[in-house]
Amino acid sequence: MELLPRSPAEFGSARYWDRFFRQRGQRPFEWYGAFPELCPVLHKYVRPRDKVLVVGCGNSELSEQMYDVGMCQDIVNIDVSDAAVRQMQERSAGTRPRMSYLLMDMLHMDFPDAHFQVVLDKGTLDALLTDEEEATLAKVEQMFAEISRVLQVGGRYLCVSLAQAHVLKKAVEYFSQEGWVVRVHQVASSGDKQQFVLPVFVYVMTKFRKVPGSAARILEICPEEQDRPVRVESAEQLVAAVKDRQHYALLCSQISKTPCREQLSLDLCDRESGRPRYTLHVVDSPSVKPSRDNHFAIFIIPQGRETEWLFGTEEGRRQLAASAGFGRLLTVALHREQLYEGMAAIQAELSGKVMELAPPGLPARQQVPFLSVGGDIGVRAVRHRGSSPLSGDFVVEDVKGDGTCYFRRLIFLQNRNVVQSEARLLAPTPLPGQKKRRKDKRKASPTEPPGAIDKSYLCCEHHKAMVAGLCLLGGPDALPGELAVLVVGLGGGSLPLFVHDYFSQARVAVVEIDPSMLEVATRWFGFCQGERMQVHVSDGLDYVAKLAAEAPAQYDAIMFDVDSKDLTVGMSCPPPAFVEKPFLQKVKTILKPEGVFVLNLVCRDAWLKESVLAALRAVFPLLYARRIHGEVNEILLCQAGPAGRRSPAELGARARALEGALRQPGRPWDSSYALADMLQAVLVL
């Protein structure tokens, strides 16, 4: 039996609908959900005393159910299908005396002006507006004009729709230009019984008298999980907001039926500001054998730790999911712009939404655990917000790491998942004679001033490898003596500070293009200049070029730790111009013959990386590479002098000797530095 039209245009044909209802018989046909799903929205806008017109009623039970529950009873139903009208007249004969069914075309209605308080349309506009041809649009405008004519001022046109973009945009533009208030409700889904994958919406257009010369429009959207509408500025924004909800519904439908082959990511936004509040990643582990208790879990990433390898990379999240032992793990990252009251509040806020992302086969009424590290949501305190013409918006924040340590971080918000600079904070020390008050059970506030910067600690693994590379200088068993070191890229200043403090005879010159970064490093990361430490605010390219022309062969070590602001290039460190062969020749010119050039390379583009290595080989015959585990960073140690090629074992021995020389009595040294291990794992290129 053929019930579907041969072409979408037939949806607007009376002949098609007459044939449709004759073939379907007495079975009700419900466009876009039944009364229980629509009732919460309809109840807001239909009053018991309203006179209601239902256009394109078909043989839906909606009018009958509205009548029977007492929502309203003065209901007039019209349709172009004689078969549908006769069916409905027979069904309501003698039982619903105040409800009528009329054979009538909604494009040419016989009712007087301002006759109804409500016009209800369930799928009729969608059936009519099947394309954007001129003839179709003319019919739609005629439909809107007739609805406007028969509605009283203050009356509501309720249109139930799947909200295809062209349908929604046409309705919003027409009625908002007429001065009507337009609000779009998302209808709450009915779970497995939902007929359509895409969500159903109700447009609520409230008629107001058009004010001549007024350009103000009131456009609102009301998502299913909240009653309070959200104002938007334009029809385009309203269409985009609806499209986001449609995409989310489609995503939920897909992952509820089949496991995810790739990790999916989505943001849940704050209702008031529209800014992201939670970032979710859906991670499926096919290797986990399903049982009743390990289908699904939610993992809350502690604040400030979302950039760590375990939580911030696909491979890390995959490992986390496997070790947790759940078939599907949903990781949740918290955003720095948002406030969170605690784990219980987060769980209450997310519990309904995350269940929409549950895996197939989840048992009914299954309790889904919320997991975290240590059972809390971590600590994050933003200390400073700033903006620079060169670096864009940035923040300095203190976060609690794994255990009891706290760290200060510099984050560029254009790449908010990358820590630009990091330093460990020292625990506050009591003043002489100050005693701890045991009875004071007041918890320390995360906004209280933290301890000072621990200048002896290198947080970044790639900085440890860069320091280890200095073992190529001097003899095999001795600490290099007087050193001239050039560092391009200041950040928080931890790398030049460490070289300055631990190599007591080193003179360090730092080049930083952004004066804002010098201010941040000085104010927030304990950086200071002195006789052996000078910062030059300049473009590194220009500074090196000038030195090459005026003062060659003056540095024992040159370190590049400079990021690229161009996110479209597959190399985020350094900018491509810093590794072009002509510029590398200038770097070689200002380097002493036995000196070492240390480069922090972060490159995801395999072809681009190979071209960088080729340029380096052409200038520096000796090239060593140290990959940083769990990161994209790779430290390249480059030499052009007469020293012969060294094996990884020899490099490890020299790094061990360097570490021994740097460890001085009374000087703090962290066991994680392990400089020898850093260089025993190098690749000789």
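Report on the accompanying structure. Treat the numbers as computed from the prediction; the structure is a model and nothing was measured. Once a new chain begins, its residue numbering starts again from 1 and follows that chain's sequence as written. This being a predicted model, a pLDDT of at least 70 is required before a residue's local features are given, and a value of 80 or more before pairs of side-chain atoms are given or counted; all residues contribute to the totals for chains, interfaces and linings. Hydrogen atoms and water are omitted, and side-chain values are computed over all heavy atoms in the structure.

### Remarks on the overall build of the chain
1) Next: Looking only at helices and strands, one finds 19 helices and 27 strands in the chain.
2) Next: In the chain, buried positions account for 51% of the 685 residues.
3) Next: Note on contacts: a residue pair is in contact if any heavy atoms of the two residues lie within 4.5 Å. Taking contacts inside the chain between residues at least 6 apart in sequence as the whole, the part at least 24 apart equals 70%. Secondary structure is summarised from DSSP: a helix means a run of H or I of at least four residues, a strand means a run of E of at least two, and numbering begins at the N terminus for each. Exposure classes here rest on a 1.4 Å probe applied to the protein chains alone. A residue is buried below 20% of its type maximum, exposed above 50%, and partly exposed in between.

### Some thoughts on the pattern of salt bridges
1) Next: By salt bridge we mean one thing: a side-chain nitrogen of Lys or Arg within 4 Å of a carboxyl oxygen of Asp or Glu. As enumerated under the stated definition, the model contains 29 salt bridges in all.
2) Next: For Asp113, the salt bridge identified is with Arg149, shortest N-O distance 2.8 Å. In this pair, Asp113 sits in the loop between β3 (99-103) and β4 (116-122) while Arg149 sits in helix α6 (residues 134-150), placing the two residues 36 residues apart along the sequence.
3) Next: Judged by its relative accessible area of 53%, Asp113 falls in the exposed class.
4) Next: For Arg149, a relative accessible area of 24% corresponds to the partly exposed category.
5) Next: A salt bridge links Arg408 to Asp398; the nearest nitrogen and oxygen atoms lie 2.7 Å apart. Residue Arg408 is located in strand β17 (residues 406-412), and its partner Asp398 is located in strand β16 (residues 392-400); the two are separated by 10 residues in the primary sequence. Like Asp398, Arg408 is buried.
6) Next: A single network of salt bridges, built from pairs that share partners, joins Glu64, Asp68, Arg91 and Arg96.

### Some points on the environment of Val510
1) Next: Relative to the elements of secondary structure, Val510 occurs in strand β20 (residues 506-512).
2) Next: Take Val510: its relative accessible area is 0%, and that puts it in the buried class.
3) Next: It is 6.6 Å that separates the C-alpha atoms of Val510 and Leu490, two residues lying 20 residues apart in sequence.
4) Next: Here Val510 is in contact with Val487, Leu490, Pro496, Met533, Gln534, Val535 and His536, once residues within four sequence places are set aside.

### Section: the sheet that holds strand β10 (residues 264-269)
Working definition: the strands of a sheet are paired by backbone hydrogen bonds and lie parallel or antiparallel to each other.
1) Next: We treat two strands as partners when DSSP finds at least two bridges between them. Read from one edge of the open sheet, five strands run β10-β11-β13-β12-β14, paired in mixed fashion. At either margin of the open sheet sits one strand with a lone partner, and together these are β10 and β14 (370-371).
2) Next: Here strand β12 (residues 296-300) pairs with strand β13 (residues 328-334) via five bridges, running parallel. Bridged to Phe299 within β13 is Thr331.
3) Next: Axis lines are fitted to C-alpha atoms, over the contacting stretch for helices. Their N-to-C directions set the angle, which ranges from 0 to 180 degrees. Across the face of the sheet, helix α8 (residues 235-257) comes into contact with β10, β11 (276-284) and β13 while running at roughly 135 degrees to β10.
4) Next: Sheet contacts for helix α11 (residues 343-354): β10, β11, β12, β13 and β14; angle to β12, the most-contacted strand, approximately 140 degrees.

Read these as geometric descriptors, not functional statements.
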